[in-house]
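# Secondary and tertiary structure notes
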Amino acid sequence: MVKIIKQEIPFMREANSVQQLTKGFSDDQKFVIDDKYLIRLFPIEDANHRRKEFETISMLSSLSDLVPEAIEFGVQEALGLANMVLSYLPGKDGEEALSSLSESEQYHVGFQAGNELKKLHEYPAPEGTEPWNIHKKRKSDRYIEELKLLEDLDTGVVNKLISYIKLNE
């Protein structure tokens, strides 16, 4: 499949190196191209929503050097996939990197992250975007419903997890 994808996406056709990334929370297929570009592949059905995400990334990259540059958005009808090409920002996995830092260094990294977020928050949310607290509540409720469906967990553990989720809403 990767070979077919490489033939269909211009940035991949001319690549000297293609490395698939498997970390992260999304279901996207992700590839680093020549240590310069990140290509994200996703179902074509998501193309309209993801084009808006691509445009948002483009705007946010003008506010911070730590947001990748949005380079190209494409649709591969034959594959049933859409893609976005972003500049690749090399670095270490945050979870791994933070654990190797002292508490003081972690604090400094967190402070820097807060400064970057402050810059990004200068960009207004799109018209019609639901308030964050409503979005977060819906997500928490979904987690709670999924927890209740788990049969192999002790009900005491499930109740403690639900209490924790509700406490942090």
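As a starting point, this report considers the structure included with it.

What counts and what doesn't
- Residues numbered from 1 in each chain as written.
- Predicted model: local features only at pLDDT ≥ 70, side-chain atom pairs only at ≥ 80, totals over all residues.
- Heavy atoms only, no water.
- Salt bridge = Lys/Arg side-chain N within 4 Å of Asp/Glu carboxyl O.
- Helix = DSSP H or I, 4+ residues; strand = E, 2+ residues; numbered from the N terminus.
- Buried < 20%, exposed > 50% of the residue type's maximum accessible area, 1.4 Å probe, protein only.
- Core = buried A, V, L, I, M, F, W, Y, C linked by side-chain atoms within 4.5 Å.
- Phe/Tyr/Trp six-rings, centres within 6.5 Å; stacked < 30°, edge-to-face > 60°.
- Lys NZ or Arg CZ within 6 Å of the ring centre and 35° of its normal.
- Polar contact = N/O pair within 3.5 Å; in protein donor to acceptor, adjacent residues only side chain to side chain.
- Contact = heavy atoms within 4.5 Å.
- Axes fitted to C-alpha atoms, helices over the stretch in contact; angles between N-to-C directions.
- Parallel < 35°, antiparallel > 145°, perpendicular 65-115°, else oblique.
- Nonpolar A, V, L, I, M, F, W, Y, C, P; charged D, E, K, R; others polar.
- Pairing = 2+ DSSP bridges.

The next thing to look at is the pattern of salt bridges. Applying the stated criterion across every chain, the model contains 8 salt bridges. Of the charged contacts in the structure, one is a salt bridge between D93 and K23, with a shortest N-O distance of 3.6 Å. With a gap of 70 residues between them, D93 in the loop between β5 (81–87) and α4 (94–99) and K23 in the loop between β1 (18–21) and β2 (29–33) connect regions that are remote in the sequence. Taking relative accessible area as the criterion, D93 reaches 28% and is therefore assigned partly exposed. Taking the relative accessible area as the measure of exposure, K23 reaches 46% and is therefore partly exposed. Via salt bridges that share partners, D28, R40, R50 and E53 belong to a single interconnected network.

Another point: the nonpolar core. Within the largest apolar cluster, 14 residues are counted, with the highest numbers of intra-cluster contacts made by F54, I57, F73, M84 and L86. At the level of secondary structure, the elements contributing two or more residues to this core comprise β3 (37–43), α3 (47–61), β4 (70–76) and β5. If you tally residues by element for this core, the top one is α3, at 4 residues. With 11 residues, the next largest nonpolar core counts M12, F31, I33 and I39 among its residues.

Turning our attention to the packing of aromatic side chains. Scanning the model with the defined rule gives 3 aromatic pairs in all. Ring geometry for Y107 against F111: centres 6.5 Å apart, planes inclined by 25°, an arrangement best described as stacked. Of the two residues, Y107 and F111 both sit in helix α5 (residues 103–120), 4 residues apart, roughly one turn of that helix. By relative accessible area, which is 61% here, Y107 ends up exposed. The class for F111 is partly exposed, based on a relative accessible area of 49%. The ring of F42 carries the charged tip of R50 above its face, separated from the ring centre by 4.2 Å.

With that settled, the discussion passes to the side chain of N83. Structurally, N83 can be placed in strand β5. Within the structure, N83 has its side chain in polar contact with the side chain of Q76 (distance 3.3 Å). Every residue in contact with N83, bar those within four places of it in the chain, is listed here: I9, I39, R40, L41, F42, E72, F73, G74, V75 and Q76.

The backbone of D34 sits at a positive phi, close to 50°, despite the residue not being glycine. Of note, D35 is a non-glycine position whose phi angle comes to about 55°, a positive value. Looking at the secondary structure, you find D35 in the loop between β2 and β3.

Here the focus is the packing of helix α6 (residues 132–149) against helix α7 (residues 155–167). What describes two packed helices is the angle between their axes and the distance between those same axes. Between α6 and α7, the shortest axis-to-axis distance is 10 Å and the interhelical angle comes to 180°. In terms of their interaxial angle, α6 and α7 are classed as roughly antiparallel. From α6, S140, Y143, I144, L147 and K148 reach across to α7, where they touch V158, L161, I162, I165 and K166. In the contact of α6 with α7, the residues fall into 7 nonpolar, 1 polar and 2 charged.

What follows is about the pairing of β4. Look at any regular strand and the pattern is simple: side chains alternate between the two faces of the sheet. Two strands pair when backbone bridges link them, and β4 and β5 are joined in this way by 6 bridges, in the antiparallel orientation. When the sheet's bridge partners are listed, V75 is paired in β5 with A82. Linking β4 back to β5 in an antiparallel pair, the connection comprises 4 residues, with G80 at a positive phi of about 70°.

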